[in-house]
Amino acid sequence: MKDFGKSDHPAVQAQLDRLAGLSLPEGRLGLDTIRCLLDRLGNPYRSLPPVFHVAGTNGKGSTCAFLRAMLEADGKRVHMTTSPHLVRYNERIRLAGELIADDPLAALLEEVLDVAEGLNPSFFEVTIAAAFLAFSRTPADACVVEVGLGGRFDATNVLEPEALAACGIAALGIDHERFLLAPEEGVPQVPLARIAFEKAGITKRGTSLITQSYPEEATLEIERAALAAGAPLSMRGRDWHSSISETALHYADRHGELVLPLPQLPGPHQGDNAALAIAMLRHQDRVNVASGALAAGIRNAKWPARLQLLAPGPLCSGRKVWLDGGHNPDAGKALAAHFAGQRVHLLLGMIEGKDPQAILGPLAPSIASVTAVPISTHEYQPAASYGADIMQAASLEDALNALPDDGLPVLIAGSLYLAGDVLRMNRERLD
């Protein structure tokens, strides 16, 4: 079962039903289909404001959120497309700062799906085509585009050098192994090197590529990609530097040093994501952003379901409940760092095929109890796959009600799809 979204708007739901009927043919890779679809639409991706294109295993969505907040703090109108959505499909397309409204969304999807007849595009290819079409029709100063999966063959990678302000690569780790580590002749076989090779596929001729720091095998692949493309490369620890103290984010590059406020987004890793956004803005010359806007953007950035403390609502009345959509080892490490020295009740829901130990292992010193919970939109891991003596709850409400009244916080984690269930049930606003 897949989460193609539900809408209270009948016209939007009609198009979401059409989207749900799409499938990605087994074994199809490459950008031919998305290019053909965009060509039928008049190639709107060639008529976009300057684009900031962001790949990565973890942190790319948060980096996009910081970019948007910093640009908007400077008075810029910003388009953004990210994935997946949490509560509403509309979250995938933000026009000049606002989520796309239902009526124009329904018309947009209908237009793209009608044009796509006979091409057999994927759900994501239609979504990206719709986003680029909407972006081309609405005035703005910049676009922020998050890679969906990988980079080299991601539908967003049709973007050409003329459209780009900068490309960025966030933290790297092992995830989506079925797609990103599939055997292929002529590509790296070492897992992290292969991941870096795929992410670095967004590198474009003459466009600045800004990255975090990585182990040697990943660094070499990114350096090769930048050299082959003729792309100026700026890596953390070599071309730009950042660190966090108790009171500030410290950033430095060839343009000088900045002392900035700490991110409001919880977790020490968000300082890394904010710094990458700063580096992307300071290593390009298509869009000017004042240093004061960088500070304001760090304070203003919001990114739900990433170490989010839920507001009082139906799911968490009288109890502190944290929500995180992380599902891979690096996400587990980030959660462990945040909850170090604390005890927490973990409600874990992971889709089939994901490794529960990615979360359970790093968090083990902080876990007071573990309850396996269902995910409404996907096949999910049963409690038996989590280890011995793990409780299985029939619902999130049952899991929360069964917890002892001991004052300990609750962490709901394991999947962004589960996070969507939580946000819907707790009636959280995402606009």
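Above this text sits the structure in question.
Owing to the predicted nature of the structure, the values given are computational and were not obtained by experimental measurement.

Peer 1: Could you give me a rundown of the pattern of salt bridges, with the residues and numbers involved?
Peer 2: One pass over the structure, following the stated rule, counts 18 salt bridges. The salt bridge involving arginine 152 is made with glutamate 198; its shortest N-O contact spans 2.8 Å. Separated by 46 residues along the polypeptide, arginine 152 in the loop between strand S5 (142–146) and strand S6 (164–169) and glutamate 198 in helix H7 (residues 191–199) bring together distant segments of the chain. Residue classification places arginine 152 among the buried residues on the basis of a relative accessible area of 17%. For arginine 194, the salt bridge goes to glutamate 198, with nearest N and O atoms at 2.8 Å. With arginine 194 and glutamate 198 both in helix H7, this residue pair falls 4 residues apart, about one helical turn. Of the two residues, arginine 194 and glutamate 198, both sit in the buried class. The network of salt bridges with shared partners includes Arg18, Asp114 and Glu117.

Peer 1: An account of the nonpolar core is requested, with residue identities and associated values reported.
Peer 2: Grouped together as the largest cluster of nonpolar side chains are 60 residues, with contacts concentrated most on Leu19, Leu37, Ile93, Phe132, Leu172 and Ile222. If one sorts the elements of this core by residue count, helix H5 (residues 123–137) sits on top with 11 residues. Other than its neighbours up to four places away in sequence, phenylalanine 132 contacts Leu38, Pro44, Tyr45, Leu48, Val145, Thr156, Val158 and Leu159.

Peer 1: With reference to specific residues and values, describe the packing of aromatic side chains.
Peer 2: Summed over all chains, the structure comprises 4 aromatic pairs. Between phenylalanine 132 and phenylalanine 135 the ring centres are 6.5 Å apart and the planes differ by 45 degrees, which places this aromatic pair in the tilted class. Of the two residues, phenylalanine 132 and phenylalanine 135 are both situated in helix H5; the distance of 3 residues between them amounts to about one turn of the helix. A residue is classified by how much of its surface remains accessible, and phenylalanine 132, at 0% relative accessible area, is buried.

Peer 1: Help me get a handle on the sheet that holds strand S14 (residues 344–348), residues and values and all.
Peer 2: Judged by pairing direction, the sheet is mixed, and its 6 strands sit side by side in the order S12-S13-S17-S14-S15-S16 without closing on themselves. Strands at the two margins of the open sheet, each flanked by one partner only, are strand S12 (308–309) and strand S16 (391–392). Pairing analysis gives 2 bridges linking strand S15 (residues 367–372) to S16, with the strands arranged parallel. Paired with threonine 371 across the strands is methionine 391, a residue of S16.

Peer 1: Please give an account of the side chain of glutamate 428 that cites residues and values.
Peer 2: Within the secondary structure, glutamate 428 sits in the segment after helix H14 (416–425). According to the relative accessible area criterion, glutamate 428 is buried, its value standing at 17%. Within the local environment of glutamate 428, its side chain forms a polar contact with the side chain of glutamine 308, the two groups lying 3.4 Å apart. Within the structure, glutamate 428 has its side chain in polar contact with the backbone nitrogen of alanine 311 (distance 3.0 Å). Among residues more than four places away in sequence, those in contact with glutamate 428 are Gln308, Leu310, Ala311 and Leu423.

Criteria and thresholds
Note that residues are indexed from 1 along each chain, following the sequence as it is written. Only residues with pLDDT of at least 70 get local features here, since the model is predicted, and only at 80 or more are side-chain atom pairs given and counted; chain-wide, interface and lining totals rely on the full set of residues. The side-chain quantities take in all heavy atoms of the structure and omit both hydrogens and water. The term salt bridge refers to a pairing of a side-chain nitrogen on Lys or Arg with a carboxyl oxygen on Asp or Glu at a separation within 4 Å. Per the convention used, a helix needs a DSSP run of H or I reaching at least four residues, while a strand needs a run of E reaching at least two, with both numbered from the N terminus. Only protein chains enter the calculation, and the probe is 1.4 Å; a residue is then buried if its accessible area is under 20% of its type maximum, exposed if over 50%, and partly exposed in between. Among the buried residues, those of types Ala, Val, Leu, Ile, Met, Phe, Trp, Tyr and Cys that are joined through side-chain atoms within 4.5 Å form a nonpolar core. Throughout, a residue-residue contact means that at least one pair of heavy atoms, one from each residue, lies within 4.5 Å. In this scheme Phe, Tyr and Trp rings, the latter by its six-membered ring, pair at centre separations within 6.5 Å, and the angle between planes marks the pair as stacked below 30 degrees, edge-to-face above 60, and tilted otherwise. Strands qualify as paired when DSSP identifies two bridges or more between them. Pairs of N or O atoms within 3.5 Å make up the polar contacts considered here, provided that, within protein, one atom can donate a hydrogen while the other can accept it, and that residues adjacent in sequence are counted only when both atoms are side-chain atoms.

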